[in-house]
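Here is how the chains run, residue by residue.
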Amino acid sequence: GLIVLALIISMFPIVSKEFWKLNLQVILPMVNGLLESSFLLSDLIMLGHLGRGNLAAGIIGYAYYNIPWAVMEGTLYAQDMFLARYVLVLNDRKSGRYWSCIALLSAILLSILASTIFAVSPLTVPYFLSNTKYTVITKAVQHIFLLLPAFWFHSIFRVLQKHQQINIQAQKKSQVVNHRLSTLWNDIKPHLILIFGSILGLLCNILGNYIFIFLAGLGFMGCGLSSSLSRLVMLIYMALLLRQRDDLNNFFDELYSMTWFPDIIYSKEKVRDAVEGDDGDDETHADESLLNKDQ
């Protein structure tokens, strides 16, 4: 609906080009989030064709899934804040990669916690839904376990996607600083590339649901299997996108450097100095201390 409205209004000449450059940068990330949310809708539509019991079990499974995912999304919001500060404000790509790696490690730890929560679902779901039919509870628990790989793939995908989004904004900022002209297509093209990952995952999910549920005869089990495989496709697409930009190697190099204790100490000191807002003299002194340490 937003895209159609934008196309209609763009027909009027009174709307300036700069206006659309600004608003499309806001609308496109919203569309990206809308596409990811469509996963739930597409799954429920498919499960609705299998009957009320299967639909109820799917809703219970996704409600259980969203409990740890809400914690995950809240944690990843911190990645947006730190990346915006270090990459856009301080123009420090190394610290930006550092915080992306911290977000990735946090996502892995939270995914382990979510795996534990999913593992105890055979105990918690019957306890809180004691008046629900046993067949519905059994299918709900089965759906929860099938969504566990999707949780891992989706978490890592979101970290890489946020890392990519901040790099796009940093590239636009460098173009403005260097007084380079940018067209409307050049402004929205990077966002469309990110959105294509969500579109690809959604299409794979719809096609996978049809194949696994109806053609393969897996029934209710095919829905969770399709969701996990679709999230894996999205993760592979984002990893290939980062590799194409030659940023994936830097990402893993930063992860490797964090395994060494001195590098962790240096990164923490550098980030702490940036947070405290030290002046140029203090930064020069820190660089001289680091040089003496290397010598």
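As the structure is a prediction and not an experimental result, all values here were calculated from the model. (Residues numbered from 1 in each chain as written. Predicted model: local features only at pLDDT ≥ 70, side-chain atom pairs only at ≥ 80, totals over all residues. Heavy atoms only, no water.)

Considering a nonpolar patch on the surface
So, point 1. Taken together, the side chains of Leu207, Tyr210, Ile211, Phe214 and Leu215 present a nonpolar region at the surface, about 480 Å² in accessible area.
So, point 2. You can call Ile211 partly exposed: its relative accessible area is 35%. (Patch = residues over 30% accessible without salt bridge, like charges linked within 9 Å, V, L, I, M, F, W, Y side chains within 5 Å. Areas by Shrake-Rupley, 256 points an atom, 1.4 Å probe, with all protein chains shown as cover. Salt bridge = Lys/Arg side-chain N within 4 Å of Asp/Glu carboxyl O. Buried < 20%, exposed > 50% of the residue type's maximum accessible area, 1.4 Å probe, protein only.)

Regarding the environment of His154
So, point 1. In this fold, His154 is placed in helix α7 (residues 148-177).
So, point 2. Sequence separation between His154 and Leu232 is 78 residues, and the spatial gap between their C-alpha atoms is 7.7 Å.
So, point 3. Polar side-chain contacts of His154 include one of 3.4 Å to the side chain of Arg231. (Helix = DSSP H or I, 4+ residues; strand = E, 2+ residues; numbered from the N terminus. Polar contact = N/O pair within 3.5 Å; in protein donor to acceptor, adjacent residues only side chain to side chain.)

What to know about the nonpolar core
So, point 1. Counting residues in hydrophobic clusters, the biggest one holds 29 residues, and the most contacted among them are Tyr65, Met72, Phe118, Val125, Phe151 and Val159.
So, point 2. Contributions of two or more residues to this core are made by α2 (17-48), α3 (52-89), α4 (93-119), α6 (134-146), α7 and α9 (220-244).
So, point 3. For this core, the element with the most residues is α3, which contributes eight residues.
So, point 4. Residues in contact with Tyr65, not counting those within four places in the same chain, are Phe118, Leu147, Ala150, Phe151 and His154. (Core = buried A, V, L, I, M, F, W, Y, C linked by side-chain atoms within 4.5 Å. Contact = heavy atoms within 4.5 Å.)

Points about the packing of aromatic side chains
So, point 1. All chains considered together, the criterion is met by nine aromatic pairs.
So, point 2. A centroid spacing of 6.3 Å and a plane angle of 45° characterise the contact between Tyr65 and Phe118, whose relative ring orientation is tilted. Here Tyr65 is found in helix α3, whereas its partner Phe118 is found in helix α4, with 53 residues between them in sequence.
So, point 3. In this structure Phe118 comes out as buried when scored by relative accessible area, which is 1%.
So, point 4. Ring geometry for Phe118 and Phe151: centres 6.0 Å apart, planes at 75°, overall edge-to-face. Residue Phe118 is located in helix α4, and its partner Phe151 is located in helix α7; the two are separated by 33 residues in the primary sequence.
So, point 5. Exposure remark for Phe151: the relative accessible area of 0% places this residue in the buried category. (Phe/Tyr/Trp six-rings, centres within 6.5 Å; stacked < 30°, edge-to-face > 60°.)

Remarks on the packing of helix α5 (residues 121-128) against α6
So, point 1. Remark: α5 packs on α6, axes separated minimally by 10 Å, with the N-to-C direction vectors making an angle of 140°. The pairing of α5 with α6 is recorded here as oblique in orientation. You can see that α5 and α6 cross each other, and the crossing is right-handed. Each of Ser121, Pro122, Val125 and Pro126 in α5 lies in contact with α6, whose residues at this interface are Ile137, Val141, Ile144 and Phe145.
So, point 2. Partitioned by chemical class, the residues of the contact of α5 with α6 number seven nonpolar, one polar and no charged. (Axes fitted to C-alpha atoms, helices over the stretch in contact; angles between N-to-C directions. Parallel < 35°, antiparallel > 145°, perpendicular 65-115°, else oblique. Left-handed = near helix turned anticlockwise from the far one by under 90°. Nonpolar A, V, L, I, M, F, W, Y, C, P; charged D, E, K, R; others polar.)

Worth remembering: the numbers are spatial, not functional.
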